[in-house]
Amino acid sequence: MTDGGGSAGETRAVGDPVVSIRGVHKVFQVADGRTRALESIDVDIQRGEFVSLIGPSGCGKSTLLRLIGDLTAPTAGIVTVNGKPARKARLDRDYGMVFQAPVLFDWRTVEGNVRLPLDIMGVRGRERDRRAREMLELVELHDFARHYPRQLSGGMQQRVAIARALAFEPKILLMDEPFGALDEMTRERMNSELLRIWERTKTTIVFVTHSIPEAVFLSSRVIVMSARPGRITNVIDVDLGRPRNEETREQERYFQLVTAVRESLRGRVDGETPVASPDRTMAEGTIG
Amino acid sequence: MADPAVGRGMRGAEAVTTADGTVAGGSGAGVITRGLRRHVDRVGYHLPAAAVFVGTIVLWELSVSALRLQRFILPPPTAIVAALASEADLLRRSALTTLFEAVGGLAIGVIAGLLVAFLTVRSSTARNALLPVAVAANAIPIIAIAPIMNNWFGVLNPLSKMMIVALLVFFPVMINVTRGLTQVEPSVLELMRSYAASEWTILRRVRIPNALPFFFTALKVSTTLSLIGAIVGEYFGGSSEVLGRVIVQSASRLRFDITWAAIFLGAVTGIVFYLLVVAVERLVMPWHASLRGQEG
Ligand SMILES: Nc1ncnc2c1ncn2[C@@H]1O[C@H](COP(=O)(O)OP(=O)(O)OP(=O)(O)O)[C@@H](O)[C@H]1O
Ligand SMILES: [Mg+2]
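Residues numbered from 1 in each chain as written. Chains lettered and ligands numbered in written order. Predicted model: local features only at pLDDT ≥ 70, side-chain atom pairs only at ≥ 80, totals over all residues. Heavy atoms only, no water.

### Re the environment of Phe 264 of chain B
Residue and element names in this part refer to chain B.
Here's step 1: Tracing the backbone shows Phe 264 in helix H11 (residues 256-284).
Here's step 2: Phe 264 gets classed as partly exposed once you look at its relative accessible area, which sits at 40%.
Here's step 3: Distance from Phe 264 to Glu 101, taken between C-alpha atoms, is 18 Å for residues 163 residues apart in sequence. (Helix = DSSP H or I, 4+ residues; strand = E, 2+ residues; numbered from the N terminus. Buried < 20%, exposed > 50% of the residue type's maximum accessible area, 1.4 Å probe, protein only.)

Here it is, written out as structure tokens:
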């Protein structure tokens, strides 16, 4: 078992939270009124945690991620990242983002796209090329280094975006459905790779997904959200051991947790959930 | 006219052909066979156009003699070729001078258009004030003010023709490049924002590459415009050894074989000029070639 290994409870006990969200509301003004995208969100994410956000489409998962990344500002409330305002953390380049769409530059090759953050952040020469190549091998696209994005499939493009986000080894990874466009086999392999990187780099990951098994397999905690207005309805500690592998997916506890997340999503949070989380240090939104 | 859609439409047509080539190539065995086939396919692609061209010339030659058309109505191609040979010196000097005017004017207009486009990148106020005016100016027949330019800069001074060309070229370049610099996908800007990239970095790494296809679309339109501008400017007076003057003077002497020869030379110059821009475009934007198919 690695250092970051233990149960989620252990990791959470130490230090100040990496991400602290306090009383956050987000309202979008639209032509025919207002969209209450997020309401009364309170979350703390500790260093080295792997937190998944799961919830129905339109419940504000992307918005929450964008708030952490200071790509949008909260209507009310405070977002603190690494002990500083989210804006400061963005300017300090504390996080890497994988968007829901790949967002690649047509005019850069696959390798050039992976190199983009390194170019911007002033990593030069051999070090830059080495890291770009390493990341491409990780996502198994080294044979496509000289291709242009338009010559790749959607899933391949998304893998380029993942390699790009990992290339500059950010302290925090914000990932918005990064594996949504991949086939089941690639997805499971990418899951294992992501866990390996997470354990090696001790980075903090906030991960949006629509897949319950994926959320359970990867996370130390799963945050379940509901829509209109978007709020947190449950937080489930995933007390599966680490490292996680194919055997994890066959454990009894794994199935119990998958069921627990599923029922939370259905809005049935009753006493029978096999989840014990009495020592929660963060205050979640009201339980629906 | 100066719309990137024009360029896109053309690329679309090319995509079909290359796709054909790839299909045919894919079934072959060796690389050499494949390369050869692709080459044959490419020749095959140009064959219909070449046939139409040659056919037209032959039909032209035959109908002139069959219908016994007067030479000053429509000289046959053979007479035009003869004029090209007999007036070679005059025609060559004229074509070169006209080309000089066109290229000079093109350079002035393109530089001015780029300058204005880049200066207004940061200010949406300036853009909103300038762009509608530019679009409107682009719609009026600017060529009509050629006599005024001749008056201002001197009929015999090549600068007068260059200014006509520059004015013609300025608007499409400015409008297109402004669009290319500003119409960047919001998600791309968001990515750059997540890297805390400076405005300068965004300009260099996003806006300029994004504007390149727009720029080349404008440049291709402009090469054509530049020759039109120069020749029409010359119609209103200028040194006698320019294509426009040769056309006007030979026509007034009813030497229409020379007129046609000069027109032919202007056409060839225009096509070569255009192909040159296309070649540079492919060199500068290799990713655009990648849109045409899976070659390589
Ligand atoms: N820029 C915007 N302007 C107006 N409304 C917005 C904007 N961005 C998001 N919204 C609204 O906020 C709500 C939450 O959107 P968000 O993209 O965060 O959902 P999501 O949970 O990521 O959904 P999905 O799973 O489909 O990606 C939606 O109702 C959406 O319409
Ligand atoms: Mg989303």
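### Looking at unusual backbone geometry
Here's step 1: Put simply, Arg 228 of chain A and Pro 229 of chain A share a cis peptide bond, and its omega is -10°.
Here's step 2: Mapped onto the elements of the fold, Pro 229 of chain A is located in the loop between strand S9 (221-226) and strand S10 (231-237).
Here's step 3: Following Arg 242 of chain A, the chain continues into Pro 243 of chain A via a peptide bond in cis, with omega recorded as -5°.
Here's step 4: Phi at Ser 40 of chain A takes a positive value of approximately 45°, unusual for a residue other than glycine.
Here's step 5: Along the chain, the position of Ser 40 of chain A falls in strand S2 (residues 33-45).
Here's step 6: Even without being a glycine, Arg 68 of chain B presents a positive backbone phi close to 50°.
Here's step 7: Within the secondary structure, Arg 68 of chain B sits in the loop between helix H2 (31-66) and helix H3 (77-86).
Here's step 8: When its relative accessible area of 73% is taken as the criterion, Arg 68 of chain B is described as exposed.

### Remarks on the side chain of Arg 207 of chain B
Residues and elements named next belong to chain B.
Here's step 1: In this structure, Arg 207 sits in helix H9 (residues 199-235).
Here's step 2: Within the buried core, Arg 207 has no salt-bridge partner, and the shortest N-O distance to an opposite charge, that of Glu 199, equals 4.3 Å.
Here's step 3: Dropping the residues within four chain positions of it, Arg 207 is found in contact with Val 121, Gly 180, Leu 181, Thr 182, Val 184, Leu 189, Glu 199 and Ile 202. (Lys, Arg positive; Asp, Glu negative; His and termini not counted. Salt bridge = Lys/Arg side-chain N within 4 Å of Asp/Glu carboxyl O. Contact = heavy atoms within 4.5 Å.)

### Observations regarding the packing of aromatic side chains
Here's step 1: Across all of its chains, the model carries ten aromatic pairs over all chains by this definition.
Here's step 2: Aromatic pair Phe 179 of chain A and Phe 207 of chain A: ring centres 5.7 Å apart, planes at 50°, arrangement tilted. With Phe 179 of chain A in the loop between strand S7 (172-176) and helix H7 (184-201) and Phe 207 of chain A in strand S8 (residues 204-208), this residue pair connects regions lying 28 residues apart in the sequence. Of the two residues examined, Phe 179 of chain A and Phe 207 of chain A, each falls in the buried class.
Here's step 3: Their ring planes at 65° and their centres at 5.4 Å tell us that Trp 60 of chain B and Trp 260 of chain B sit as a pair that is edge-to-face. (Phe/Tyr/Trp six-rings, centres within 6.5 Å; stacked < 30°, edge-to-face > 60°.)

### Thoughts on the site of ligand 1
Residues and elements named next belong to chain A.
Here's step 1: Close to ligand 1 lie 14 residues, the nearest being Ser 57, Lys 61, Ser 62, Thr 63 and His 210.
Here's step 2: Lys 61 is positioned with one of its side-chain polar atoms (N or O) 2.8 Å from an oxygen atom of ligand 1.
Here's step 3: The separation between an oxygen atom of ligand 1 and a polar side-chain atom of Glu 177 is 3.5 Å.
Here's step 4: Coverage of ligand 1 by the protein chains reaches 66% of its 630 Å² of free accessible surface.
Here's step 5: Mapped onto the shell around ligand 1, the elements with two or more residues apiece are strand S1 (19-30), S2 and helix H2 (61-68).
Here's step 6: No other element matches the three residues that H2 contributes to the shell around ligand 1.
Here's step 7: Looking at the shell around ligand 1 residue by residue, the class counts come to four nonpolar, eight polar and two charged. (Near = heavy atom within 4 Å. Polar contact = N/O pair within 3.5 Å; in protein donor to acceptor, adjacent residues only side chain to side chain. Areas by Shrake-Rupley, 256 points an atom, 1.4 Å probe, with all protein chains shown as cover. Nonpolar A, V, L, I, M, F, W, Y, C, P; charged D, E, K, R; others polar.)

### Some words on helix H6 (residues 154-167) of chain A
Along an α-helix, a turn takes 3.6 residues, which lines up residues three or four apart on a common side.
Here's step 1: The terminal C-alpha atoms of H6 of chain A lie 20 Å apart, and with 14 residues this matches the ideal 20 Å at 1.5 Å per residue to within 8%.
Here's step 2: Of all 14 residues in H6 of chain A, twelve are buried, a share of seventy percent or more.
Here's step 3: Regarding H6 of chain A, the residues found buried are Gly 155, Met 156, Gln 158, Arg 159, Val 160, Ala 161, Ile 162, Ala 163, Arg 164, Ala 165, Leu 166 and Ala 167 of chain A.
Here's step 4: Packing partners of the buried residues in H6 of chain A comprise strand S6 (95-98), helix H4 (110-120), helix H5 (125-138), S7 and H7 of chain A together with helix H8 (186-194) of chain B.
Here's step 5: At the C-terminal side of H6 of chain A, Glu 169 of chain A shows a positive phi close to 45°. (Expected span 1.5 Å × (residues − 1).)

### A few points about the side chain of Thr 248 of chain A
Residues and elements named next belong to chain A.
Here's step 1: As for its placement among the helices and strands, Thr 248 is situated in the loop between S10 and helix H9 (252-265).
Here's step 2: Residue classification places Thr 248 among the buried positions, given a relative accessible area of 3%.
Here's step 3: When neighbours within four sequence positions are excluded, Thr 248 is seen to be in contact with Phe 217, Leu 240, Pro 243 and Tyr 254.

### Digging into the pattern of salt bridges
Here's step 1: Applying the stated criterion across every chain, the model contains 29 salt bridges over all chains.
Here's step 2: Here Glu 246 of chain A ties to Arg 249 of chain A by a salt bridge, and the two come within 3.6 Å at their closest N and O atoms.
Here's step 3: Residue Glu 241 of chain B is joined to Arg 93 of chain B by a salt bridge in which the shortest nitrogen-to-oxygen separation is 2.8 Å. Here Arg 93 of chain B lies in helix H4 (residues 88-119) and Glu 241 of chain B lies in the loop between H9 and helix H10 (243-252), a separation of 148 residues in the sequence.
Here's step 4: The exposure class assigned to Glu 241 of chain B is partly exposed, which follows from its relative accessible area of 28%.
Here's step 5: Judged by its relative accessible area of 34%, Arg 93 of chain B is partly exposed.
Here's step 6: What you see here is one network of salt bridges that share partners, running through Lys 84, Lys 88, Asp 92, Asp 94 and Lys 171 of chain A.

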